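# Understanding the architecture of this molecule
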Amino acid sequence: MPGTSPGSTGAGRYAPSPTGELHLGNLRTAVLAWLFARSTDRRYLLRIEDLDATRVRLGQAEQQQADLAALGLDFDGEPVVQSRRGAAYTEALATLANQTYPCFCTRREIAEAASAPNGTIGRYPGTCRELTPAEQAVRARQRSPALRLRADGAHQTIRDVRYGKVTGQVDDIVVQRNDGVAAYNLAVVVDDAASGIDQVVRGDDLLPAAINQAYLATVLGASPPLYGHVSLAVNGAGVRLAKRDGAVTLADLALRGVSAIDVLGLIADSLGLPAVDHVAELLPQFDPQRLPDHPWVIT
Ligand code: GLU
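What you see is a predicted model; the values in this text were computed from it and never measured. (Residues numbered from 1 in each chain as written. Predicted model: local features only at pLDDT ≥ 70, side-chain atom pairs only at ≥ 80, totals over all residues. Heavy atoms only, no water.)

## Re the state of the cysteines
Here, disulfide denotes a covalent bond that connects the sulfur atoms of two cysteines. Heads up, the rule is: Two cysteine sulfurs form a disulfide in these notes if their separation is within 2.5 Å.
By the definition in use, this model includes zero disulfides. For the unlinked cysteine Cys-105, the closest cysteine sulfur is that of Cys-128, found at 3.7 Å.

## Quick look at the packing of aromatic side chains
What counts, and what does not: Any pair of Phe, Tyr and Trp rings, taking the six-membered ring for Trp, is counted once the centres come within 6.5 Å. Such a pair is stacked with planes under 30 degrees apart, edge-to-face with planes over 60 apart, and tilted for the rest. Secondary structure elements are taken from DSSP: a helix is a run of H or I of four residues or more, a strand is a run of E of two residues or more, and numbering for both begins at the N terminus. We call a residue buried when its accessible area falls under 20% of the maximum for its residue type, exposed when it is over 50%, and partly exposed in between, using a 1.4 Å probe and counting protein chains only.
In total, this model carries three aromatic pairs according to the counting rule given. Ring centres 4.6 Å apart and planes at 15° place the aromatic pair Tyr-44 and Phe-75 in the stacked group. Of this pair, Tyr-44 sits in strand β2 (residues 43-48) while Phe-75 sits in the loop between α2 (60-70) and β3 (80-81), and the two are 31 residues apart along the sequence. According to the relative accessible area criterion, Tyr-44 is buried, its value standing at 0%. Residue Phe-75 is classed as partly exposed on the basis of its relative accessible area, which comes to 23%.

## Let's talk about the pairing of strand β9 (residues 199-203)
The condition is simple: Any two strands with at least two DSSP-identified bridges between them are counted as paired. Look down the strands so they point away from you; if going from the first strand over the helix to the second traces a clockwise path, that crossover is right-handed.
Among the five residues in β9, five count as buried, and that is most of the element. Where β9 lies against strand β10 (residues 226-230), five bridges are found, and the strand directions are parallel. Bridging from a neighbouring strand, Val-201 pairs with Gly-228 of β10. Taken together, β9, helix α7 (residues 207-219) and β10 constitute a β-α-β crossover, and its handedness is right-handed.

## Structural notes on the sheet that holds β3
The test is simple: Only heavy atoms enter the contact rule, under which two residues are in contact if any of them lie within 4.5 Å. Axis angles are defined between N-to-C directions and span 0 to 180 degrees, where every axis is a line fitted to C-alpha atoms and, for a helix, only to the segment in contact.
Judged by pairing direction, the sheet is parallel, and its three strands sit side by side in the order β1-β2-β3 without closing on themselves. Taken across any chain shown, the strands that pair with only one partner, and hence form the sheet edges, are β1 (11-14) and β3. Against the sheet, helix α1 (residues 24-38) contacts β1 and β2, and its axis sits at roughly 145° relative to β2.

## Focus: the nonpolar core
Cut-off, in case you're wondering: Working definition of a nonpolar core: buried Ala, Val, Leu, Ile, Met, Phe, Trp, Tyr and Cys residues. They are joined through side-chain atoms within 4.5 Å.
Of all hydrophobic cores here, the largest spans 40 residues; its most connected members are Val-31, Leu-32, Phe-36, Leu-68, Leu-71, Leu-73 and Ile-267. Elements with a minimum of two residues in this core: α1, β2, β10, α8 (250-255) and α9 (260-270). Here this core gets ten residues from one element, more than from any other, and that element is α1. Once residues within four sequence positions are removed from consideration, Leu-68 is found in contact with Tyr-14, Leu-22, Leu-27, Ala-30, Leu-46, Leu-73 and Phe-75. Grouped together as the second largest cluster of nonpolar side chains are 30 residues, Leu-149, Ala-151, Val-190 and Leu-207 included.

## Thoughts on the pattern of salt bridges
Operational definition: Criterion for a salt bridge: a side-chain nitrogen of Lys or Arg within 4 Å of a carboxyl oxygen of Asp or Glu.
A full pass over the atoms with the stated rule returns 15 salt bridges. The closest approach of N and O atoms between Asp-191 and Arg-47, which form a salt bridge, is 3.9 Å. Linking Asp-191 in helix α6 (residues 184-194) with Arg-47 in strand β2, this pair joins segments that are 144 residues apart in sequence. Residue classification places Asp-191 among the buried residues on the basis of a relative accessible area of 0%. Because the salt bridges share partners, they merge into one network encompassing Arg-13, Arg-47, Glu-49, Arg-85, Asp-191 and Asp-192.

See the structure below:
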(Lines give C-alpha, C1' and ligand atoms only; values in the text may rest on other atoms or scores of the structure.)
Protein backbone atom coordinates (compact mmCIF):
# COMPACT_ATOMS: atom_id res chain seq x y z
CA MET A 1 0.00 0.00 0.00
CA PRO A 2 1.32 3.47 -0.74
CA GLY A 3 2.95 5.21 2.17
CA THR A 4 3.56 2.07 4.15
CA SER A 5 6.90 0.54 4.86
CA PRO A 6 7.48 -3.02 6.01
CA GLY A 7 7.76 -3.25 9.76
CA SER A 8 5.38 -0.33 10.17
CA THR A 9 4.18 0.00 13.74
CA GLY A 10 0.72 1.07 12.70
CA ALA A 11 -2.44 -0.90 13.13
CA GLY A 12 -5.66 -1.73 11.39
CA ARG A 13 -8.82 -2.82 13.12
CA TYR A 14 -12.23 -4.39 12.93
CA ALA A 15 -14.86 -2.72 15.07
CA PRO A 16 -18.18 -4.57 15.09
CA SER A 17 -21.17 -3.60 17.19
CA PRO A 18 -22.34 -6.66 19.18
CA THR A 19 -25.94 -6.22 18.13
CA GLY A 20 -26.33 -9.55 16.36
CA GLU A 21 -24.43 -12.26 14.56
CA LEU A 22 -22.00 -11.19 11.86
CA HIS A 23 -23.33 -11.87 8.38
CA LEU A 24 -21.43 -12.56 5.18
CA GLY A 25 -20.99 -8.85 4.46
CA ASN A 26 -19.57 -8.16 7.93
CA LEU A 27 -17.30 -11.21 7.69
CA ARG A 28 -16.00 -10.11 4.30
CA THR A 29 -15.19 -6.66 5.66
CA ALA A 30 -13.34 -8.28 8.57
CA VAL A 31 -11.34 -10.47 6.15
CA LEU A 32 -10.50 -7.41 4.04
CA ALA A 33 -9.44 -5.38 7.08
CA TRP A 34 -7.21 -8.30 8.13
CA LEU A 35 -5.71 -8.58 4.63
CA PHE A 36 -5.06 -4.83 4.46
CA ALA A 37 -3.40 -4.85 7.89
CA ARG A 38 -1.36 -8.03 7.58
CA SER A 39 -0.22 -7.31 4.02
CA THR A 40 1.29 -4.05 5.30
CA ASP A 41 2.83 -5.50 8.47
CA ARG A 42 0.35 -3.77 10.66
CA ARG A 43 -1.13 -5.03 13.89
CA TYR A 44 -4.79 -5.98 13.68
CA LEU A 45 -6.99 -4.98 16.59
CA LEU A 46 -10.54 -5.79 17.62
CA ARG A 47 -12.81 -3.19 19.12
CA ILE A 48 -16.24 -3.92 20.51
CA GLU A 49 -18.52 -0.97 19.84
CA ASP A 50 -21.11 -1.49 22.54
CA LEU A 51 -22.08 2.06 23.52
CA ASP A 52 -25.63 1.72 22.28
CA ALA A 53 -26.89 -0.36 25.20
CA THR A 54 -30.40 -0.62 23.75
CA ARG A 55 -29.08 -2.54 20.74
CA VAL A 56 -26.38 -4.69 22.34
CA ARG A 57 -27.30 -8.35 22.64
CA LEU A 58 -25.86 -10.47 25.40
CA GLY A 59 -23.30 -13.01 24.21
CA GLN A 60 -22.91 -11.49 20.75
CA ALA A 61 -19.46 -10.02 21.36
CA GLU A 62 -18.24 -13.54 22.21
CA GLN A 63 -20.09 -15.10 19.27
CA GLN A 64 -18.62 -12.55 16.87
CA GLN A 65 -15.11 -13.30 18.14
CA ALA A 66 -15.70 -17.04 17.71
CA ASP A 67 -16.88 -16.47 14.12
CA LEU A 68 -13.88 -14.28 13.27
CA ALA A 69 -11.55 -16.92 14.74
CA ALA A 70 -13.32 -19.64 12.70
CA LEU A 71 -12.31 -17.75 9.56
CA GLY A 72 -8.69 -17.79 10.76
CA LEU A 73 -8.53 -14.08 11.59
CA ASP A 74 -6.16 -13.37 14.47
CA PHE A 75 -6.04 -10.19 16.51
CA ASP A 76 -3.22 -8.57 18.45
CA GLY A 77 -3.82 -7.95 22.14
CA GLU A 78 -7.08 -7.88 24.00
CA PRO A 79 -10.18 -6.31 22.43
CA VAL A 80 -10.90 -2.69 23.27
CA VAL A 81 -14.39 -2.50 24.77
CA GLN A 82 -15.98 0.90 24.33
CA SER A 83 -18.29 0.63 27.34
CA ARG A 84 -15.14 0.54 29.52
CA ARG A 85 -13.58 3.63 27.95
CA GLY A 86 -15.76 6.34 29.48
CA ALA A 87 -12.82 8.13 31.15
CA ALA A 88 -11.01 8.57 27.82
CA TYR A 89 -14.14 9.98 26.20
CA THR A 90 -14.74 12.35 29.12
CA GLU A 91 -11.18 13.60 28.78
CA ALA A 92 -11.61 14.20 25.05
CA LEU A 93 -14.91 16.01 25.63
CA ALA A 94 -13.16 18.26 28.13
CA THR A 95 -10.59 19.30 25.54
CA LEU A 96 -13.42 20.06 23.10
CA ALA A 97 -15.38 22.15 25.62
CA ASN A 98 -14.86 25.44 23.76
CA GLN A 99 -15.80 23.91 20.44
CA THR A 100 -19.12 22.33 21.30
CA TYR A 101 -22.63 23.60 21.92
CA PRO A 102 -25.70 22.01 23.47
CA CYS A 103 -28.31 20.75 21.05
CA PHE A 104 -31.86 20.15 22.22
CA CYS A 105 -33.29 18.93 18.92
CA THR A 106 -35.14 15.64 18.66
CA ARG A 107 -34.45 13.38 15.67
CA ARG A 108 -37.82 14.37 14.28
CA GLU A 109 -37.10 18.11 14.52
CA ILE A 110 -33.81 17.58 12.72
CA ALA A 111 -35.44 15.53 9.97
CA GLU A 112 -38.14 18.18 9.50
CA ALA A 113 -35.72 21.11 9.39
CA ALA A 114 -33.33 19.25 7.09
CA SER A 115 -36.09 18.47 4.60
CA ALA A 116 -37.27 22.13 4.53
CA PRO A 117 -36.43 24.07 1.31
CA ASN A 118 -33.09 25.40 2.60
CA GLY A 119 -32.10 22.28 4.52
CA THR A 120 -29.80 19.46 3.47
CA ILE A 121 -30.89 15.93 4.30
CA GLY A 122 -28.31 14.20 6.44
CA ARG A 123 -26.80 17.42 7.76
CA TYR A 124 -27.58 19.14 11.02
CA PRO A 125 -29.67 22.20 10.10
CA GLY A 126 -28.03 24.39 12.76
CA THR A 127 -31.15 24.99 14.85
CA CYS A 128 -29.33 25.19 18.22
CA ARG A 129 -26.03 26.60 16.96
CA GLU A 130 -26.68 30.21 17.93
CA LEU A 131 -28.94 29.87 20.97
CA THR A 132 -28.17 32.43 23.66
CA PRO A 133 -27.38 31.18 27.19
CA ALA A 134 -30.86 32.32 28.25
CA GLU A 135 -32.49 30.33 25.45
CA GLN A 136 -30.37 27.33 26.34
CA ALA A 137 -31.50 27.55 29.96
CA VAL A 138 -35.16 27.55 28.89
CA ARG A 139 -34.70 24.57 26.59
CA ALA A 140 -32.70 22.67 29.23
CA ARG A 141 -35.77 22.59 31.47
CA GLN A 142 -37.58 20.40 28.95
CA ARG A 143 -34.82 18.20 27.61
CA SER A 144 -31.22 17.38 28.43
CA PRO A 145 -29.02 18.37 25.51
CA ALA A 146 -26.63 16.46 23.32
CA LEU A 147 -23.33 18.21 22.58
CA ARG A 148 -22.40 19.07 19.02
CA LEU A 149 -19.06 20.03 17.56
CA ARG A 150 -18.98 23.55 16.15
CA ALA A 151 -17.40 22.79 12.78
CA ASP A 152 -18.04 26.23 11.27
CA GLY A 153 -18.60 24.76 7.82
CA ALA A 154 -14.98 23.54 7.62
CA HIS A 155 -13.91 21.24 4.80
CA GLN A 156 -11.84 18.13 5.37
CA THR A 157 -9.94 15.91 2.96
CA ILE A 158 -9.38 12.23 3.61
CA ARG A 159 -7.18 9.70 1.81
CA ASP A 160 -8.87 6.47 0.84
CA VAL A 161 -7.29 3.49 -0.88
CA ARG A 162 -10.35 3.01 -3.10
CA TYR A 163 -11.72 6.53 -3.44
CA GLY A 164 -8.47 8.51 -3.51
CA LYS A 165 -8.63 11.99 -2.00
CA VAL A 166 -12.14 12.86 -0.90
CA THR A 167 -13.07 16.32 0.34
CA GLY A 168 -16.33 17.17 2.04
CA GLN A 169 -17.90 19.66 4.37
CA VAL A 170 -17.78 18.75 8.03
CA ASP A 171 -21.11 18.51 9.83
CA ASP A 172 -21.78 19.71 13.37
CA ILE A 173 -21.70 16.13 14.61
CA VAL A 174 -22.91 14.97 18.01
CA VAL A 175 -19.97 14.20 20.28
CA GLN A 176 -21.97 13.45 23.41
CA ARG A 177 -25.46 11.97 23.32
CA ASN A 178 -28.24 13.49 25.37
CA ASP A 179 -28.05 10.57 27.83
CA GLY A 180 -24.50 11.68 28.64
CA VAL A 181 -22.76 8.81 26.82
CA ALA A 182 -20.03 9.52 24.25
CA ALA A 183 -21.39 9.56 20.73
CA TYR A 184 -20.27 6.98 18.17
CA ASN A 185 -18.16 9.49 16.19
CA LEU A 186 -16.24 10.65 19.25
CA ALA A 187 -15.61 7.12 20.52
CA VAL A 188 -14.32 5.93 17.13
CA VAL A 189 -11.88 8.82 16.84
CA VAL A 190 -10.64 8.67 20.45
CA ASP A 191 -10.18 4.89 20.30
CA ASP A 192 -8.49 4.83 16.90
CA ALA A 193 -6.03 7.46 18.11
CA ALA A 194 -5.39 5.75 21.46
CA SER A 195 -4.77 2.40 19.74
CA GLY A 196 -2.37 3.82 17.15
CA ILE A 197 -4.71 2.88 14.31
CA ASP A 198 -3.52 4.41 11.07
CA GLN A 199 -5.54 2.26 8.65
CA VAL A 200 -9.33 2.06 8.81
CA VAL A 201 -10.96 -0.51 6.53
CA ARG A 202 -14.75 -0.74 6.75
CA GLY A 203 -17.92 -0.66 4.67
CA ASP A 204 -18.33 2.20 2.24
CA ASP A 205 -21.58 3.26 3.90
CA LEU A 206 -19.25 4.98 6.39
CA LEU A 207 -17.39 7.07 3.80
CA PRO A 208 -19.40 10.24 4.64
CA ALA A 209 -18.68 9.67 8.36
CA ALA A 210 -14.95 9.60 7.60
CA ILE A 211 -14.96 13.31 6.69
CA ASN A 212 -16.36 14.18 10.13
CA GLN A 213 -14.17 11.70 11.97
CA ALA A 214 -10.95 12.82 10.28
CA TYR A 215 -11.79 16.43 11.15
CA LEU A 216 -12.49 15.49 14.77
CA ALA A 217 -9.18 13.62 14.88
CA THR A 218 -7.28 16.74 13.82
CA VAL A 219 -9.18 18.87 16.36
CA LEU A 220 -8.09 16.36 19.04
CA GLY A 221 -4.49 16.53 17.84
CA ALA A 222 -4.38 13.11 16.14
CA SER A 223 -3.48 12.27 12.54
CA PRO A 224 -6.42 10.94 10.54
CA PRO A 225 -5.86 7.37 9.37
CA LEU A 226 -5.59 6.13 5.81
CA TYR A 227 -9.03 4.81 4.91
CA GLY A 228 -10.15 1.87 2.82
CA HIS A 229 -13.90 1.96 2.36
CA VAL A 230 -14.84 -1.34 0.78
CA SER A 231 -18.03 -2.28 -1.03
CA LEU A 232 -20.81 -3.89 0.95
CA ALA A 233 -22.69 -7.11 0.47
CA VAL A 234 -26.24 -6.65 -0.83
CA ASN A 235 -29.23 -8.94 -1.34
CA GLY A 236 -30.82 -9.79 -4.69
CA ALA A 237 -32.76 -6.50 -4.60
CA GLY A 238 -29.54 -4.51 -4.24
CA VAL A 239 -30.29 -3.62 -0.61
CA ARG A 240 -27.60 -3.88 2.05
CA LEU A 241 -27.47 -7.46 3.34
CA ALA A 242 -29.25 -8.14 6.62
CA LYS A 243 -29.82 -11.22 8.73
CA ARG A 244 -33.40 -11.53 7.47
CA ASP A 245 -32.03 -12.19 3.98
CA GLY A 246 -31.71 -15.88 4.75
CA ALA A 247 -28.76 -18.12 5.56
CA VAL A 248 -26.11 -15.43 5.90
CA THR A 249 -24.37 -16.18 9.20
CA LEU A 250 -21.80 -18.88 9.90
CA ALA A 251 -24.32 -20.66 12.15
CA ASP A 252 -27.07 -20.59 9.47
CA LEU A 253 -24.66 -21.77 6.82
CA ALA A 254 -23.23 -24.55 9.01
CA LEU A 255 -26.76 -25.99 9.27
CA ARG A 256 -26.73 -26.23 5.49
CA GLY A 257 -23.38 -27.98 5.47
CA VAL A 258 -21.37 -24.90 4.51
CA SER A 259 -18.26 -24.75 6.73
CA ALA A 260 -16.27 -21.69 7.81
CA ILE A 261 -13.58 -22.63 5.28
CA ASP A 262 -16.26 -22.80 2.58
CA VAL A 263 -17.36 -19.31 3.60
CA LEU A 264 -13.77 -18.10 3.39
CA GLY A 265 -13.75 -19.53 -0.14
CA LEU A 266 -16.92 -17.60 -1.01
CA ILE A 267 -15.40 -14.40 0.34
CA ALA A 268 -12.15 -15.01 -1.55
CA ASP A 269 -14.13 -15.65 -4.74
CA SER A 270 -16.01 -12.38 -4.25
CA LEU A 271 -12.61 -10.65 -4.20
CA GLY A 272 -11.39 -12.41 -7.32
CA LEU A 273 -9.08 -14.65 -5.26
CA PRO A 274 -8.87 -18.47 -5.26
CA ALA A 275 -10.25 -20.70 -2.52
CA VAL A 276 -7.63 -21.48 0.14
CA ASP A 277 -7.30 -23.56 3.30
CA HIS A 278 -6.25 -20.62 5.44
CA VAL A 279 -6.80 -16.89 5.12
CA ALA A 280 -3.02 -16.25 5.28
CA GLU A 281 -2.67 -18.00 1.92
CA LEU A 282 -4.55 -15.09 0.38
CA LEU A 283 -1.89 -12.60 1.42
CA PRO A 284 0.57 -13.08 -1.48
CA GLN A 285 -2.20 -12.47 -4.00
CA PHE A 286 -3.99 -9.66 -2.21
CA ASP A 287 -3.82 -6.39 -4.13
CA PRO A 288 -5.80 -3.47 -2.68
CA GLN A 289 -5.74 -1.77 -6.07
CA ARG A 290 -7.63 -4.64 -7.64
CA LEU A 291 -10.65 -4.89 -5.40
CA PRO A 292 -14.03 -5.17 -7.11
CA ASP A 293 -15.76 -1.80 -7.19
CA HIS A 294 -19.26 -3.25 -7.09
CA PRO A 295 -21.16 -4.69 -4.14
CA TRP A 296 -21.12 -8.40 -3.43
CA VAL A 297 -24.56 -9.71 -4.37
CA ILE A 298 -25.78 -12.55 -2.14
CA THR A 299 -28.85 -14.39 -3.42
N1 GLU B 1 -19.28 -0.33 14.66
C2 GLU B 1 -19.51 0.06 13.31
C3 GLU B 1 -20.34 -0.99 12.62
O4 GLU B 1 -20.44 -2.11 13.11
C5 GLU B 1 -18.21 0.24 12.54
C6 GLU B 1 -17.55 1.50 12.86
C7 GLU B 1 -16.20 1.69 12.16
O8 GLU B 1 -15.67 0.75 11.57
O9 GLU B 1 -15.67 2.79 12.26
O10 GLU B 1 -20.92 -0.69 11.60
